[in-house]
4 protein chains.
Amino acid sequence: MAGSVYGNIFKVSTWGESHGKGVGVVVDGCPAGLALCEEDIQVFLDRRKPGQSKYTTARNEADKVEILSGVFEGVTTGTPISMVVYNTSQRSGDYSEIASYYRPGHADYTFDMKYGFRDYRGGGRSSGRETIARVCAGAVAIKILKEMGIEINAYSKAIGGITIDKVDMSVINDNPFYMPDEKAAKEVAKYADEKLKEMNSMGGIIECVIKNVMPGIGQTVFDKLDANLAKAIMSIGAVKGFEIGAGFNVAHMTGKENNDEFTTSDNGDIIKKTNNAGGILGGMSDGSDIIFRAAIKPTPSIAMLQNTVNKSKEDIEISIKGRHDPMIVPRAVVVVETMAAIALVDMIFEGMTSKMENVIKFVKNL
Amino acid sequence: MAGSVYGNIFKVSTWGESHGKGVGVVVDGCPAGLALCEEDIQVFLDRRKPGQSKYTTARNEADKVEILSGVFEGVTTGTPISMVVYNTSQRSGDYSEIASYYRPGHADYTFDMKYGFRDYRGGGRSSGRETIARVCAGAVAIKILKEMGIEINAYSKAIGGITIDKVDMSVINDNPFYMPDEKAAKEVAKYADEKLKEMNSMGGIIECVIKNVMPGIGQTVFDKLDANLAKAIMSIGAVKGFEIGAGFNVAHMTGKENNDEFTTSDNGDIIKKTNNAGGILGGMSDGSDIIFRAAIKPTPSIAMLQNTVNKSKEDIEISIKGRHDPMIVPRAVVVVETMAAIALVDMIFEGMTSKMENVIKFVKNL
Amino acid sequence: MAGSVYGNIFKVSTWGESHGKGVGVVVDGCPAGLALCEEDIQVFLDRRKPGQSKYTTARNEADKVEILSGVFEGVTTGTPISMVVYNTSQRSGDYSEIASYYRPGHADYTFDMKYGFRDYRGGGRSSGRETIARVCAGAVAIKILKEMGIEINAYSKAIGGITIDKVDMSVINDNPFYMPDEKAAKEVAKYADEKLKEMNSMGGIIECVIKNVMPGIGQTVFDKLDANLAKAIMSIGAVKGFEIGAGFNVAHMTGKENNDEFTTSDNGDIIKKTNNAGGILGGMSDGSDIIFRAAIKPTPSIAMLQNTVNKSKEDIEISIKGRHDPMIVPRAVVVVETMAAIALVDMIFEGMTSKMENVIKFVKNL
Amino acid sequence: MAGSVYGNIFKVSTWGESHGKGVGVVVDGCPAGLALCEEDIQVFLDRRKPGQSKYTTARNEADKVEILSGVFEGVTTGTPISMVVYNTSQRSGDYSEIASYYRPGHADYTFDMKYGFRDYRGGGRSSGRETIARVCAGAVAIKILKEMGIEINAYSKAIGGITIDKVDMSVINDNPFYMPDEKAAKEVAKYADEKLKEMNSMGGIIECVIKNVMPGIGQTVFDKLDANLAKAIMSIGAVKGFEIGAGFNVAHMTGKENNDEFTTSDNGDIIKKTNNAGGILGGMSDGSDIIFRAAIKPTPSIAMLQNTVNKSKEDIEISIKGRHDPMIVPRAVVVVETMAAIALVDMIFEGMTSKMENVIKFVKNL
């Protein structure tokens, strides 16, 4: 199966390795008539770049996107949108040693098993740079959602075991962790300094809130909206868990505690009093905010000594030098937002054929 | 989109509502030459039936599967396998009242929003009975995996906040909760009796272990094995979270703690010393046991008084009578196993074209 | 790959062999709100049944469709529609001999090569009875198209080398060949009587006209409307060619002759003066009638002596006894209509997301 | 639906317009271990270039392919292969006039209807240059097939009504029409000179022969091998018909004439005495050569005066200036070969999971 293609109506095909000529994506199924330019994409890519604090590595990659097709006179034509970011600052020399062994926590071993060999430079296809392509495609999706009044915001909810106490989006760019809570960010900085000294790394949790999704989006059996969000998010490297609403807490709640009761708002809309469901019921959006979380593991590449085997199956000790992030969480925030957008757009497009009434409206307008 | 179709090579299409004539599934893409009969499927269906203890409802549905195509002289022909289970014991009378309101925690409201109306009898398409079709298809997948030496076992890890202390599969059928720990099962029984009195319900966690999956199965970007397992499991009604290996615990682990170091076993195979990854690295199986967990919310249908709105948007109080499970967990165990099997078979089939070497072998053997 | 599943948004999964318990289909992706009942489907099935003249075999199968799901109170719910037709009159005894050899023109040999063995009773999965499932699904599609004002009509254009001279749909049921030209039908009857005596069979051409398709339906590259129609029609057994508009005649036309010039109609619409394109330009409908033709080969099962090999690779002579049509064309007409409908509905649904304008309309109406 | 993505296991996503920055493709699902370099692709692209005779236009585009990912040390890695050809010689000035009207035989009108507007420069997404991307992807597919011993060869069978009398592949590059018959080529040259004077264009037929396909490839219902070939070929712009084996001739053949009888060859293989089926029975390859034909319409862009309407719906007269081919056939030959290759590889990959026996072999080899 071609595992780098996502989506049914809004289709995204990514390509590229960390040390190849570049990474890129083809977005097929974007409707015609959407204003789009490189700036719209670059804004999201810039949130992904390393070298923005001492807590993310100083690789300082100048990732600049170029749109090669699908846009004419500043507007999408409905044809495939091809975007590319050329690799400019990867130094092959940094990685030559790892060709001979399997790094713990990395895909080296599994890639070898699957294909018989691998591009050992950096992470190859499994490199974090692969997310560049996703972010480009997701930026288009986010623009589409914006036209619908839908907003997606993700942030670091916890890093290294330190959790935020509140969500204040206005301070989110004032700390290097993309945390909406300054106090928690300060504690994380302290903890991060310790781990940096140890040459160790740390994990965290990203929370994402999607506002203004109309009720009824998502399918009822296999293509439930939460199931598709789970796949989209878990497909991001380093994600080891996904939960929605009350998430794993539902395990020790009772039905009475967990059920979100319905009532009506002042202007007569049906709303829920609580939101343990996280905005999705029976696989379909229920009109509340959609709230989910992703568990991010610690960066596997650490300079601290580790034991592993080399390709001749001998036990060896390694210390991974070079430029590596001590935490993935802050950079992954924009990837979570963009992947959620890609999944959601596909599902909204699906929803357009749910009722004969809407199908007939479309036919008659032509 | 057709949301009741799952899979790329091994394709599963389900149909049926709780109060329609029956539920069923078409499995397309099952290879020819697999011994298959109703017995193989019935064994899994029987693990799903209610009425097996006082803690699951006494609906006593006699779900009997019938294979309508795709098998000849006891062996699959490679053509689609159609299976059906006719509904025999659903009483419409039990459900006529709920047509007028939206039950909290159910898909009533979202279904109405999506389609404009709904089959209000029981859960309609969102009924738990829809899982019958999945279990039938999954039973076929499990048989295929068995031929490969792959075993899937799931069990209740926690119910109502009470977690098992050990995994002893030999006692799993000796308690009504499908728990591999008798002591924990006794505590759950006590807690369940309390909730039954309250007319309340409880949630839990199911853990699943897949043994003997060869390394390298899964794709590296969007179709990661864990991403597909997440989608398959989260598509089961009542699941609100999915995690693999250390799961959400990775959030407060360091890289040194989380990385699974490689070494070699006595017979020279590459193995890992720990398994925080849960058997999947970079989206591909790494040869260790694949271990994941699903969070199951409490049954939304409770007799305890709840507040909600009716279709005229008036606030009302309801008490859901009728036959309902006070906990979903024990019955969902087989659904988790079978969904995992469906996802895994599709991914193994995908792996067959990963290397030119295997493709050429196939061509030459013909 | 699961080869019995067709479609992207409007998905059709068929199952069943000629001598299994039945044949059927699951239609997933039909919008909610379409009035549907068995009668709507039966009307199309009845046009497919053999035993309606001396020129089609007297098997007199009483194919009665049953809808098992997806319809509630006479209207589709948006959930999968499962339909089944049980096999009632297949006599295994008729076919027992052919297990030992490969019939020329049939899929016996190729089936063995693909799967290692086959269900030799009748045509198994390759039997003409497999088209029952397609017709059921297509009947739903035709109903959807009817709501849009779109009509599909197919007829026998030629049989045994005798071609119609005009198209008079009013006489189409007055002859056993589904020909819209009585004079041609009489000649075909004469020719058919000769072939019947010889124990031979004959082929023909079916033409299909689709009226009132709005312009712009179809994709521009791989999923061109004509490419998808071609696949849908060529997937019908016995079809060996597909052409649209002037078809193979374009090969000796000049650009001046072939181009359809544009002009405006009396009420100001853009129309074409001719229709060599057959209603499709650049893969998209252009507003004219869509006109295509399918070439149908002669029935391969003839009682006349043929040479072939048996499974031990010995040269043998055979005469295929039993109940077989001397011509496939009349019965294939409804299959061509219904397959065209299935392909077209999928493409119209696709068209709904072509413009941001239509996507926003959908979102705002919720 | 994303209409520029083709395939299920071997997936091809194309992008690019005639006057955008370039055209390209992402091939996902190519197995690892295939030797691949730009040369392998360029050889096929060069067969597509215009400016190679006075009968194809002198645009002299220097189309040079660049591989951006998926290849490492000269071998495919199993990850997506991105290829791009930058547009270097398109002159916008040539096309500015056509923005105001609809050219007969072109997709201008249908594109406007579908998307609301179009990139009017050249053919935009509907330009013949879009086939560059297909040829690149197809070149990879052809290389895979070569490893399997499968050969694909297409040629011009007829142009302007003049048909070849024999197939002598050795002379195919000695005439500008890619005809394997020198005598016919001379006649075509004469006829073409006439049409050039008239400022007219001509159509033709391309025939394609695929050798050494193992029997049993293709699915039995919707994904028949011939149905998929039909879709792949009909998706090429200008193709108005597809037929296989005896094609439309089956319409006036009898069963006795049409059936290919089986026998055994000298070395004991089962073969057929004739090949009216064109190598495909019941949707699966039967071991004989696969032979099909495509009908190519005349180039719609002619300088001869034509009537049409402009965007204000006024009747006008036009003469299309600029650089246009008087015939499409010779250039389309390589597109037919490469599209057939793409379809066939996907189907062969599908065949790998047809039998449990092959699946188990794969599992055990790991």
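Residues numbered from 1 in each chain as written. Chains lettered and ligands numbered in written order. Predicted model: local features only at pLDDT ≥ 70, side-chain atom pairs only at ≥ 80, totals over all residues. Heavy atoms only, no water.

Colleague: How do you make sense of the sheet that holds strand β8 (residues 151-159) of chain A when you look at a structure like this?
Modeller: Hydrogen bonds between backbone atoms are what pair the strands of a sheet, whose relative direction is either parallel or antiparallel. Overall, antiparallel pairing links the 10 strands, which are arranged β9(A)-β8(A)-β10(A)-β16(A)-β11(A)-β11(B)-β16(B)-β10(B)-β8(B)-β9(B) in an open sheet. On the outer flanks of this sheet lie β9 (162-163) of chain A together with β9 (162-163) of chain B, each paired with one strand and no other. Against the sheet, helix α7 (residues 329-351) of chain A touches β8, β10 (204-211) and β16 (290-296) of chain A, its axis set at about 145° to β8 of chain A. (Pairing = 2+ DSSP bridges. Helix = DSSP H or I, 4+ residues; strand = E, 2+ residues; numbered from the N terminus. Contact = heavy atoms within 4.5 Å. Axes fitted to C-alpha atoms, helices over the stretch in contact; angles between N-to-C directions.)

Colleague: Got a minute to help me understand the relation of the copies chain B and chain A in this structure?
Modeller: To go from the first copy of the chain to the second, apply a rotation about an axis and then a shift along the same axis. Mapping chain B onto chain A calls for a screw motion: a turn of 180° about the axis and a shift of 0.0 Å along it, with 0.0 Å RMSD after fitting. The relationship between the two copies is best expressed as a two-fold rotation axis. Most of the interface of chain B is mirrored in chain A, where 100% of its interface residues are also at the interface. (Least-squares fit on C-alpha atoms with pLDDT ≥ 70 in both.)

Colleague: Help me understand the packing of aromatic side chains in this model?
Modeller: Taken as a whole and judged by the stated rule, the model has 30 aromatic pairs over all chains. Seen in terms of ring centroids, phenylalanine 10 of chain B and phenylalanine 349 of chain B are 6.3 Å apart; in terms of plane orientation they differ by 80°. Their pairing is edge-to-face. With phenylalanine 10 of chain B in the loop between β1 (5-6) and β2 (11-16) and phenylalanine 349 of chain B in helix α7 (residues 329-351), the pair connects residues that are 339 residues apart, well separated along the chain. The burial state of phenylalanine 10 of chain B is the same as that of phenylalanine 349 of chain B; both residues are buried. For the pair phenylalanine 111 of chain D and tyrosine 115 of chain D, a centre-to-centre distance of 5.2 Å together with 45° between the ring planes defines the contact as tilted. (Phe/Tyr/Trp six-rings, centres within 6.5 Å; stacked < 30°, edge-to-face > 60°. Buried < 20%, exposed > 50% of the residue type's maximum accessible area, 1.4 Å probe, protein only.)

Colleague: Please clarify how the pattern of salt bridges should be interpreted in this entry.
Modeller: A side chain of one charge can pair with a side chain of the opposite charge if their charged atoms are brought near each other. A full pass over the atoms with the stated rule returns 76 salt bridges over all chains. Among the ionic pairs, aspartate 223 of chain B bridges to lysine 231 of chain A, the shortest N-O distance being 2.9 Å. Placement of aspartate 223 of chain B in the loop between β10 (204-211) and α5 (225-234) and of lysine 231 of chain A in helix α5 (residues 225-234) is noted, with the two residues assigned to different chains. The same class applies to aspartate 223 of chain B and to lysine 231 of chain A, which are both buried. Here lysine 211 of chain C makes a salt bridge to aspartate 289 of chain C, at a shortest N to O gap of 2.8 Å. Note that lysine 211 of chain C is positioned in strand β10 (residues 204-211) and aspartate 289 of chain C in the loop between β15 (284-285) and β16 (290-296), a separation of 78 residues in sequence. Using a relative accessible area of 34% as the deciding quantity, one classes lysine 211 of chain C as partly exposed. For aspartate 289 of chain C, a relative accessible area of 25% corresponds to the partly exposed category. (Salt bridge = Lys/Arg side-chain N within 4 Å of Asp/Glu carboxyl O.)

Colleague: Help me understand helix α7 (residues 329-351) of chain D, please; the structure alone is not making it clear to me.
Modeller: Every α-helix carries 3.6 residues per turn, so stepping three or four residues along brings you back to the same face. With 23 residues, α7 of chain D should cover 33 Å at 1.5 Å per step; its first-to-last C-alpha distance of 32 Å lies within 8% of that length. For α7 of chain D, a buried count of 23 out of 23 residues is recorded, marking the element as mostly surrounded by other parts of the structure. (Expected span 1.5 Å × (residues − 1).)

Colleague: Which parts of the structure should I look at to understand the packing of α5 of chain B against α7 of chain B?
Modeller: Each pair of packed helices gets described by two things: the angle between the helix axes and the distance between those axes. All names here are of chain B. Remark: α5 packs on α7, axes separated minimally by 9 Å, with the N-to-C direction vectors making an angle of 145°. Along this stretch, α5 crosses α7, giving a crossing that reads as right-handed. Mapping the contact onto sequence places Leu225, Asn228, Leu229, Ala232 and Ile233 in α5 and Val336, Met339, Ala340, Ala343, Leu344 and Met347 in α7. A class-by-class count of the residues in the contact of α5 with α7 yields 10 nonpolar, 1 polar and no charged. (Left-handed = near helix turned anticlockwise from the far one by under 90°. Nonpolar A, V, L, I, M, F, W, Y, C, P; charged D, E, K, R; others polar.)

Colleague: Where do I start with the interface of chain D and chain C in this structure?
Modeller: By a widely used convention, the size of an interface equals the accessible area lost when the partners come together. Opposite the 111 residues of chain D that make contact, chain C presents 111 residues. Of the roughly 9,100 Å² buried between chain D and chain C on both sides combined, carbon and sulfur atoms contribute 61%. At the surface where chain D touches chain C, the tally comes to 4 salt bridges. Here glutamate 350 of chain C makes a salt bridge to lysine 114 of chain D, at a shortest N to O gap of 3.0 Å. Taken together, chain D and chain C are joined by 51 residue pairs in polar contact (both at pLDDT 80 or more). In the side of chain D that touches chain C, the residues fall into 46 nonpolar, 41 polar and 24 charged. Where strand β11 (residues 239-244) of chain C meets strand β11 (residues 239-244) of chain D, 3 bridges bridge the pair, whose relative direction is antiparallel. The partner of phenylalanine 242 of chain C across the bridge, within β11 of chain D, is phenylalanine 242 of chain D. (Buried area = accessible area lost by both parts, 1.4 Å probe. Polar contact = N/O pair within 3.5 Å; in protein donor to acceptor, adjacent residues only side chain to side chain.)

Colleague: Would you mind showing me how to read the sheet that holds strand β2 (residues 11-16) of chain A here?
Modeller: Residues and elements named next belong to chain A. The strand order across the open sheet built from 5 strands is β1-β2-β3-β7-β4, with neighbouring strands paired in antiparallel fashion. A single partner strand is all that each edge strand has here, and the edge strands are β1 (5-6) and β4 (65-67). Summarising the sheet, β4 and strand β7 (residues 81-86) pair through 3 bridges and their orientation is antiparallel. In the strand pairing of β7, isoleucine 67 is matched with methionine 83.

Colleague: How should the side chain of serine 235 of chain A be read in this particular structure?
Modeller: Inspection of the secondary structure puts serine 235 of chain A in the loop between α5 and β11 (239-244). For serine 235 of chain A, a relative accessible area of 0% translates into the label buried. Beyond its immediate stretch of four places on either side in the chain, serine 235 of chain A contacts Arg134 and Met339 of chain A together with Val221, Phe222, Lys224 and Ala227 of chain B.

Colleague: Help me understand the confidence of the model for chain A in this model?
Modeller: Interpretation of the predicted coordinates at a detailed level should be avoided for regions scoring low in pLDDT. A residue-level look at chain A finds 94% of positions with pLDDT of 70 or above and a mean pLDDT of 91. Prediction confidence for the complex, expressed as pTM and ipTM, is 0.95 and 0.95 respectively. (pLDDT = per-residue confidence, 0-100.)

Colleague: Help me understand the nonpolar core in this model?
Modeller: Nonpolar side chains in soluble globular proteins tend to end up buried together. Within the largest apolar cluster, 394 residues are counted, with the highest numbers of intra-cluster contacts made by Phe10 of chain A, Phe10 and Phe292 of chain B, Phe10 of chain C together with Phe10 of chain D. The contact partners of phenylalanine 10 of chain A, leaving out residues within four places of it in the chain, are Val27, Asp28, Gly29, Cys30, Ala137, Val140, Ala141, Ile144, Ile342, Val345, Asp346 and Phe349 of chain A. (Core = buried A, V, L, I, M, F, W, Y, C linked by side-chain atoms within 4.5 Å.)

Colleague: Before we go on, may I ask you to explain the state of the cysteines in this structure?
Modeller: Throughout this description, disulfide means a covalent bond between two cysteine sulfur atoms. Residue and element names in this part refer to chain A. If you walk through the whole model with that rule in mind, you get 0 disulfides over all chains. Free cysteine cysteine 136: the closest other cysteine sulfur is in cysteine 37, separated by 13 Å. Take cysteine 136: its relative accessible area is 2%, and that puts it in the buried class. (Disulfide = S-S within 2.5 Å.)

Colleague: Teacher, can you tell me more about the interface of chain B and chain A here?
Modeller: Counting from both sides, the interface comprises 111 residues of chain B and, opposite them, 111 residues of chain A. Taken together, chain B and chain A are joined by 4 salt bridges. In this structure, the connection of chain B to chain A is made through 51 residue pairs in polar contact (both at pLDDT 80 or more). Among the residues forming the side of chain B that touches chain A, the class breakdown is 46 nonpolar, 41 polar and 24 charged.

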